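Each chain, letter by letter, is given below.
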Amino acid sequence: MHITIPAAAARLLARLNDHGYEAYVVGGCVRDALMGRTPHDWDICTDALPQQVKEVFAGHPIHDTGIRHGTVLVMEQGEGYEITTFRVDGDYSDHRHPDRVSFVRSLREDLARRDFTVNAMAYHPSAGLIDLFGGEADLAAGVIRCVGEPSERFAEDGLRILRALRFAARFCFQVEERTGQAMHAQRALLDYIAAERIFSELKGFLSGGGVCALLLEYRDVFAQFLPEICGMFDFCQYNPHHCYDVWTHTAHAVECAPPETVLRLTMLFHDIGKPSCFTRDERGIGHFLGHPEVSAQLANDILRRLRSDNRLREAVVRQVRSHDWPLPETERAGRRFLARLGEEGARWSLAVHRADILAQHPATQPAKLERLARAEALLDDLLAQQACFQLKDLAVNGRDLIDLGLAPGPSVGQELKRLFALVIEGECPNERGALLARVQRPKEHAETT
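Residues numbered from 1 in each chain as written. Predicted model: local features only at pLDDT ≥ 70, side-chain atom pairs only at ≥ 80, totals over all residues. Heavy atoms only, no water.

A. Structural context of the packing of helix H15 (residues 310–322) against helix H16 (residues 331–358). Running from N to C, H15 and H16 point in directions that differ by 55 degrees, and their axes come no closer than 10 Å. As judged from the angle between their axes, H15 and H16 are oblique. In the crossing of H15 with H16, the sense of the turn from one axis to the other is right-handed. From H15, Ala315, Arg318, Gln319 and Ser322 reach across to H16, where they touch Leu341, Gly345, Trp348, Ser349, Val352 and His353. The class makeup of the residues in the contact of H15 with H16 is four nonpolar, five polar and one charged. (Axes fitted to C-alpha atoms, helices over the stretch in contact; angles between N-to-C directions. Helix = DSSP H or I, 4+ residues; strand = E, 2+ residues; numbered from the N terminus. Parallel < 35°, antiparallel > 145°, perpendicular 65-115°, else oblique. Left-handed = near helix turned anticlockwise from the far one by under 90°. Contact = heavy atoms within 4.5 Å. Nonpolar A, V, L, I, M, F, W, Y, C, P; charged D, E, K, R; others polar.)

What follows is the structure in structure tokens.
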């Protein structure tokens, strides 16, 4: 099996070899290259000790990024390459990081400590592929399998449970049976993992293509750090618009959304408030009045707990809160829609509606998708007309109002908002002359209050 590696990486390997050391590219870059993907990084492993690596590359820019764990960052033609000494790990008392590492001379020992077989392969242009644990076969079969005993690998680092799911989603692979059993059995290890790390893996997982089946099969794993989702499990909706329980609908909706973080998180949380809002009418039909607001509050709390950045959290919460809004059917409704969400938010909202519809009962989808298409065309037309849907788009500004005699201060902002509302409601065109003619002077303000 031949892999084309960057010329710079090949030079680093050759230089280590020339000094009498073994060296290989290793891990994810080998996996990606075998899959025909472009690796993001080319990591190198070697039997040279960190100080020996530094001696070999004397004269190169070098950074001791992870020297405690045997990693030296060597710059070659402006690119950084991590060169790590073969090692074995000691105990993992925190179920996340090794208490100590020991450097070894054996490539086999180094590969044996890695998480999954597809990440435990090495390559050298002369030696070819070094695959001691069946990684190439698992790639061909589409399988994520732990190296060695799964329970030991997860006990070492509980985050590997989510890494397995992220890789499975990313590549649309299956999790090998014994590996999956260990993930269920040891899911409590996620309690030891920092919220930021969990959230990073969750976002990576949600961007994958095969998320629906994994959300269903490993719902107990996700519930370990998202206990709020448990109420959705097996919760029958008793509604003709739905053919799935709330969690199954959610899993399908997530996969139906474009793989953007805001949209996938929105679909994960959009119905999380449904169980607490459930009622049935006299015909036995289920209703969930007020669930968007409850879902938005829960999403906000969860994302704060997971240490989401504010911009992402606010965008997701806004989309969850608005996911059940009626789609605009008139220009006035379209202007209101755009004014409330902005262009980006409105387009996200259309994608949220589409994903929600596609996860509902098939019989109800055609008419809903037709309405969605009309709404999308309507918004496209308004945007093409450069319609005013934000205050900054208004054809007049504060200086114009001050020139007309309004005193600088809060009253100027209030008047701009009033004019903006007139434009949104279609009561005044967004034209400078028309807007200035509708400006209320201070006396007029007093008479209308």
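From this point on, the discussion continues.
B. Inspection of the pattern of salt bridges at higher detail. If you walk through the whole model with that rule in mind, you get 33 salt bridges. One salt bridge in this structure joins Glu228 and Arg305, with 2.6 Å as the shortest N-O distance. One end of the pair, Glu228, is in the loop between helix H11 (219–225) and helix H12 (246–256); the other, Arg305, is in helix H14 (residues 291–305), with 77 residues separating them in the sequence. When the shortest N-O distance is used, the salt bridge between Lys392 and Asp393 registers 3.6 Å. Judged by its relative accessible area of 26%, Asp393 falls in the partly exposed class. It is possible to trace a salt-bridge network through shared partners that takes in Arg31, Asp32 and Arg170. (Salt bridge = Lys/Arg side-chain N within 4 Å of Asp/Glu carboxyl O. Buried < 20%, exposed > 50% of the residue type's maximum accessible area, 1.4 Å probe, protein only.)

C. Highlighting the packing of helix H7 (residues 160–171) against helix H9 (residues 195–206). In contact at an axis separation of 8 Å, H7 and H9 are set at 20 degrees when each is read in the N-to-C sense. One element, H7, and the other, H9, form an angle in the roughly parallel class. Both H7 and H9 take part in a crossing whose hand is left-handed. Here Leu162, Arg163, Leu165, Arg166 and Ala169 of H7 lie close against H9, whose contacting residues are Ile198, Glu201, Gly204 and Phe205. A class-by-class count of the residues in the contact of H7 with H9 yields five nonpolar, one polar and three charged.

D. Seen up close, the state of the cysteines. For the structure shown, the criterion picks out zero disulfides. Cys256 forms no disulfide, and the closest cysteine sulfur to it belongs to Cys212, at a distance of 7.8 Å. Counting only cysteine sulfurs, Cys428 is the nearest neighbor of Cys388, a cysteine outside any disulfide, at a range of 10 Å. Residue Cys388 is classed as buried on the basis of its relative accessible area of 3%. (Disulfide = S-S within 2.5 Å.)

E. Structural detail: H9. With twelve residues, H9 should reach 16 Å at 1.5 Å per residue; the first-to-last C-alpha distance of 16 Å fits that figure. Where H9 is concerned, the buried positions are Ala195, Ile198, Phe199, Glu201, Leu202, Phe205 and Leu206. On an axial view of H9, the arc spanned by its buried residues comes to 165 degrees, and they lie on one face. (Expected span 1.5 Å × (residues − 1). Arc of directions from axis to C-beta.)

F. Expanded view of helix H13 (residues 261–269). Among the nine residues of H13, eight are classified as buried, and the element is accordingly described as predominantly covered. Inspection of H13 places Val262, Leu263, Arg264, Leu265, Thr266, Met267, Leu268 and Phe269 among the buried residues, and these make up the whole buried set. On its buried side, H13 packs onto H9, helix H10 (211–217), H12, H14, H15 and H16.

G. Main features of the packing of aromatic side chains. Inspection of every chain in the model, using the stated rule, returns eleven aromatic pairs. Where Phe235 meets Phe278, the ring centres are 5.2 Å apart and the plane angle is 85 degrees; that geometry is what we call edge-to-face. Of this pair, Phe235 sits in the loop between H11 and H12 while Phe278 sits in the loop between H13 and strand E12 (279–280), placing them 43 residues apart in sequence. Taken together, the ring pairs in this structure connect Phe116, Phe167, Phe171 and Phe173 into an aromatic cluster. Over the ring of Phe288 we find Lys274, and its NZ or CZ is 4.7 Å from the ring centre. (Phe/Tyr/Trp six-rings, centres within 6.5 Å; stacked < 30°, edge-to-face > 60°. Lys NZ or Arg CZ within 6 Å of the ring centre and 35° of its normal.)

H. Fine view of the sheet that holds strand E2 (residues 44–46). Overall, mixed pairing links the seven strands, which are arranged E3-E4-E5-E2-E1-E8-E9 in an open sheet. With partners counted over all chains shown, the strands left at the sheet margins are strand E3 (62–66) and strand E9 (128–131), one partner each. In this sheet, neighbouring strand axes are inclined to one another by 35 degrees on average, regardless of whether the strands run parallel or antiparallel. Direction of pairing for strand E1 (residues 23–26) relative to strand E8 (residues 121–124): antiparallel, over a ladder of two bridges. Each residue of the ladder has a partner; that of Val26, found in E8, is Ala122. (Pairing = 2+ DSSP bridges.)

I. Quick look at the pairing of E9. In the sheet, E8 pairs with E9 via four bridges, with the strands oriented antiparallel. Looking at E9, one finds that Tyr123 is bridged to Leu129.

J. Inspection of the environment of Glu228 at higher detail. The exposure class assigned to Glu228 is partly exposed, which follows from its relative accessible area of 23%. Separated by 111 residues in sequence, Glu228 and Thr117 place their C-alpha atoms 33 Å apart. Here Glu228 is in contact with Ile272, Leu298, Ile302 and Arg305, once residues within four sequence places are set aside. One polar contact links Glu228 to Arg305, side chain to side chain, over a distance of 2.6 Å. (Polar contact = N/O pair within 3.5 Å; in protein donor to acceptor, adjacent residues only side chain to side chain.)

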